[in-house]
Amino acid sequence: MDGNKQQGLFDADNSYNADSIVALKGLEAVRKRPGMYIGSTDGRGLHHLVFEVVDNGIDEVMAGYADKVSVCINEDGSVTVNDDGRGIPVGMNKEEGKDALEMCLTDLHAGGKFDQNAYKVSGGLHGVGVSVVNALSKRLIATVEREGKVFRQTYRIGIPDGPVEVIGSSDRTGTTITFFPDSDIFETTEFEYEILQNRFRNQAFLNKEATIYFEDKRTGRSDKFHYEGGVSEFVQYLNRSKKAIHTPPIALAGERNGVMMDIALQYTDGYNEAIDSFVNTIYTPEGGAHMTGFRTSLTKTINDYGKENGLLKDTTLEGTDVREGLTAIISIRMPDPQFEGQTKSKLGSSIAQKAVSTFMNEKLAEYLLENPAVATLIVRKGISALESREAARKARDATRRKSALESASLPGKLADCSEKDPAKCELYIVEGESAGGSAKQGRDRAFQAILPLRGKILNVEKARPDKILDNEEIKNLMIAIGGGIGKEFDVSKVRYHSVVIMTDADIDGAHIGTLILTLFYRQMKPLIERGHVFLAMPPLYRVSKGKKEIYAYNNEEMTKAVEELGTGANISRYKGLGEMNPQQLWDTTMNPETRLMKRVEIEDAMQADQLFSILMGDDVEPRREFIIEHAHEVINLDV
Ligand code: 0RA
């Protein structure tokens, strides 16, 4: 076939022909409702474009045709993705009368026509194909090396500029896509290194054959991800700031009923469970069939081992007991996975549950038999979890009983509001007794409650679950919020729909804020997930001249305020909340009409888990690295 021949969308004179209408209609639909195809048009949707293109390259790796995918954020803000796979097919497709490359890039449903790979990533969860990326790009350049030639076609908002051309010769194969996201579609077109980096790292862990090169030409930053150890290395990476109680991780790989499984587990001396699951390398934050199969089998196999070996007598470990301190990766591959749930992030295919549980029942039992030392550690860890669960339940019951006796008595330090409708109520958690005093005087007592905290609260990341409620400050917080704690937390019972953390804008304040957030994340997660948690934003400066005063919340505002008030303006920097009198505190930080508040959002559950275990854990070095690399992006603090 001659790549330069007129074809596809074009008539001999290079104008659009009748066939083009159908393709254009499809792309138009994408541009009209981009959210339907990529979830959203914010930063998330933007990064999704890159994932989509990279996933196509990963598919080539998974199918055994490629081993390299390189991604580059170019200086002009475009992104280039290159893989050394077979190359998108080129050449006239007789049925459609169009070049195959053009079909792949412009036809929403072309993918499957050319590719038999049943275990695809792309085409999975949000897998929508490169044509969607094309439709949402101001410009896109597709270059294919195959059959000794270099082919190219370029597009604007998904519409080809002209036919596929041969622009050179090559003895390699592969595909290169460069695209410029359309600023008419996206709220932002600026790519964030960390978001892409995190996903590429995960992809490399899950595809040990792949090497992913990543470069940001805007900053010179770059990474190379390649992990021969696969999911086992993934688990060790996730545990890098925790203390594992056995090494290496338990690694189980195999196939049942067309479902391929790659599973790794490692117990730590901590109490959190961090089990992440993937289907065809697509992250399933809500788990689903594969997760259920894993859990069922884990509980059964460990109990069976414990009983058969005299470690468990008349007790049975529950699921939460055998998962305490467990970090695990469950990666499965299966044809045509079905996703469920609101965000389509839960695997529905029940065949996966059966496959994982029968496989694990056999393989994990085998591992435990062959590794009695590790097996014993795991059973003992489960027993200690069970004992501390019992102790925690007793402590909770005691707290509850006491509250009931004292007619549901709220903490003495809590200055509650008079409003009873939680939707209208706000709880301010305030650092220090003196700021707490000012807040109590300055607040609108109709709907604002104040709970002062004395000093730092317990670091729940390091505490045994049954010890958490021994801590007076945490107990006060739990009773004030009203939804309980831990596995029994019930978000429908919370007494305030806004829980506002108000700390000083210094290191200590940041630390206390993080301790409270850790408590919420580990013990009252739905509170954050439902958007009930906020950070108060006190001003950093007060700029005054005569009777005029302006509060500035950052340096920029401060400079502006000084300009506004002219020479002789007086700048005072607030070091702590205690420096403000009740009226000032109300005006600047608590009055809903004028205050600035940030909502705490969990952007990425896997990352958030890492954030807390690293920020609040024992190891200093990973913490240092992590703060430098990630801290700002995991928990997205939205105004
Ligand atoms: C369909 C069929 C074939 C390869 C591809 C698609 C393909 C698509 C992309 C997208 C990015 N990189 C890609 N690499 C390959 C197989 C063609 C053949 O049989 O040679």
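Just above sits the structure.
Owing to the predicted nature of the structure, the values given are computational and were not obtained by experimental measurement. Each chain has its residues counted from 1, following the order in which its sequence is written. Restriction of local features to residues with pLDDT of at least 70 applies here, the model being predicted, together with a cutoff of 80 or more for giving and counting side-chain atom pairs; totals for whole chains, interfaces and linings are based on all residues. Calculated side-chain values reflect all of the structure's heavy atoms, with hydrogen atoms and water omitted.

Colleague: How would you summarise the overall build of the protein if you had to cite specific residues and measurements?
Modeller: For helices the rule is a DSSP run of H or I covering at least 4 residues; for strands it is a run of E covering at least 2, with both sets numbered from the N terminus onward. Scanning the protein from terminus to terminus reveals 21 helices and 27 strands. Throughout, the radius of gyration refers to the C-alpha atoms, and the reference size of a globule is 2.2 Å times the residue count to the power 0.38. Scaling as 2.2 N^0.38, a compact globule of 639 residues should have a C-alpha radius of gyration of about 26 Å, and the protein matches this with 28 Å. Taken along the three principal axes of its C-alpha coordinates, the protein extends 85 × 80 × 40 Å. The classification of residues rests on relative accessible area computed with a 1.4 Å probe and restricted to protein chains. Under 20% of the type maximum is buried, over 50% is exposed, and intermediate values are partly exposed. When the 639 residues of the protein are sorted by exposure, 53% land in the buried category. Contacts: residue pairs with any heavy atoms within 4.5 Å of one another. Here the analysis covers contacts within the protein between residues at least 6 apart in sequence; of these, 68% occur between residues at least 24 apart. Only the protein chains shown count as covering a residue, and every accessible area follows the Shrake-Rupley method with a 1.4 Å probe. Carbon and sulfur atoms provide 49% of the accessible area of the protein, an area that totals close to 28400 Å².

Colleague: Hey, could you go over the site of the ligand for me, with residue numbers and the actual values?
Modeller: Nearness is judged by heavy atoms alone; a residue qualifies as near a molecule or strand once a single heavy atom is within 4 Å of it. In the vicinity of the ligand there are eleven residues, among which N56, E60, D83, R86 and R146 approach most closely. Polar contacts, as used here, are pairs of N or O atoms within 3.5 Å; protein pairs need one atom able to donate a hydrogen and one able to accept it. Residues neighboring in sequence count only if both atoms are side-chain atoms. In the environment of the ligand, a nitrogen atom lies 2.7 Å from a nitrogen or oxygen atom belonging to the side chain of D83. The separation between an oxygen atom of the ligand and a polar side-chain atom of R146 is 3.0 Å. Considering the ligand on its own, with 460 Å² of exposed area, one finds that the protein chains cover 82% of that surface.

Colleague: Run through the packing of aromatic side chains, naming residues and quoting values.
Modeller: Stacked, edge-to-face and tilted labels apply to pairs of Phe, Tyr and Trp rings (six-membered ring for Trp) whose centres lie within 6.5 Å, assigned for plane angles under 30 degrees, over 60, and everything in between, in that order. Taken as a whole and assessed by the stated rule, the structure comprises ten aromatic pairs. Aromatic pair F205 and Y227: ring centres 3.7 Å apart, planes at 15 degrees, arrangement stacked. Residue F205 is found in helix α7 (residues 193-206), and its partner Y227 is found in the loop between β11 (221-225) and α8 (230-238); the two are separated by 22 residues along the sequence. Here F205 and Y227 have matching classes, each one buried. Where F205 meets F234, the ring centres are 4.5 Å apart and the plane angle is 10 degrees; that geometry is what we call stacked.

Colleague: Can you tell me about empty space enclosed by the protein, naming the residues and giving the values?
Modeller: For each structure, a 1 Å grid was placed over the protein atoms alone; sets of points admitting a 1.4 Å probe that cannot get out are labelled cavities, open sets with protein on both sides within 12 Å along at least five of seven lines are labelled pockets, and lining residues have an atom within 4 Å of a point. Grid points are joined across faces, edges and corners, and a volume is the space filled by probe spheres set on the points. In total, this model carries two cavities of 30 Å³ or more according to the counting rule given. Volume-wise, the largest cavity comes out at about 70 Å³. Every residue along the wall of the largest cavity is listed here: N198, R201, N202, F234, Y237, L238, D604, M606, Q607 and Q610. Every element with two or more residues in the lining of the largest cavity is listed here: α7, α8 and α19 (605-616). Among the residues forming the lining of the largest cavity, the class breakdown is four nonpolar, four polar and two charged. D504, A505, P538, P539, Y574, K575, G576, L577 and M580 together form the lining of the second largest cavity. Of the residues contributing to the lining of the second largest cavity, the split by class is six nonpolar, one polar and two charged. Three residue categories are used. Nonpolar comprises Ala, Val, Leu, Ile, Met, Phe, Trp, Tyr, Cys and Pro, charged comprises Asp, Glu, Lys and Arg, and polar comprises the others, including Gly.

Colleague: Describe the pattern of salt bridges, naming the residues involved and giving the relevant values.
Modeller: Within this document, salt bridges are pairs made up of a side-chain nitrogen of Lys or Arg and a carboxyl oxygen of Asp or Glu, the two lying within 4 Å of each other. A full pass over the atoms with the stated rule returns 30 salt bridges. The salt bridge partner of D609 is K242, with a shortest N-O separation of 3.9 Å. Taken together, the positions of D609 in helix α19 and K242 in the loop between α8 and β12 (250-256) put the pair 367 residues apart, joining distant regions of the chain. Accessibility expressed as a relative area gives 11% for D609, which makes it buried. A salt bridge links K456 to D508, with the nearest nitrogen and oxygen atoms 3.3 Å apart. With K456 in the loop between β20 (448-453) and α14 (472-481) and D508 in helix α15 (residues 507-523), the pair connects residues that are 52 residues apart, well separated along the chain.

Colleague: How would you explain the sheet that holds strand β15 (residues 282-283) if you had to name every residue and give the values?
Modeller: Whenever strands of a sheet pair, they do so through backbone hydrogen bonds, lying parallel or antiparallel. DSSP calls a pair of strands paired once it identifies at least 2 bridges connecting them. In space, the five strands of this open sheet follow the order β12-β13-β16-β14-β15, with mixed pairing throughout. Pairing within the sheet leaves two strands with one partner each, and these edge strands are β12 and β15. Across seven bridges, β12 lies against strand β13 (residues 259-267) in antiparallel orientation. The partner of I250 across the bridge, within β13, is L265. Only C-alpha atoms enter the line fits that serve as axes; for helices the fit covers just the stretch in contact. Angles between N-to-C directions range over 0 to 180 degrees. Against the sheet, helix α11 (residues 350-370) engages β12, β13 and β16 (326-333), with an angle of about 135 degrees to β12.

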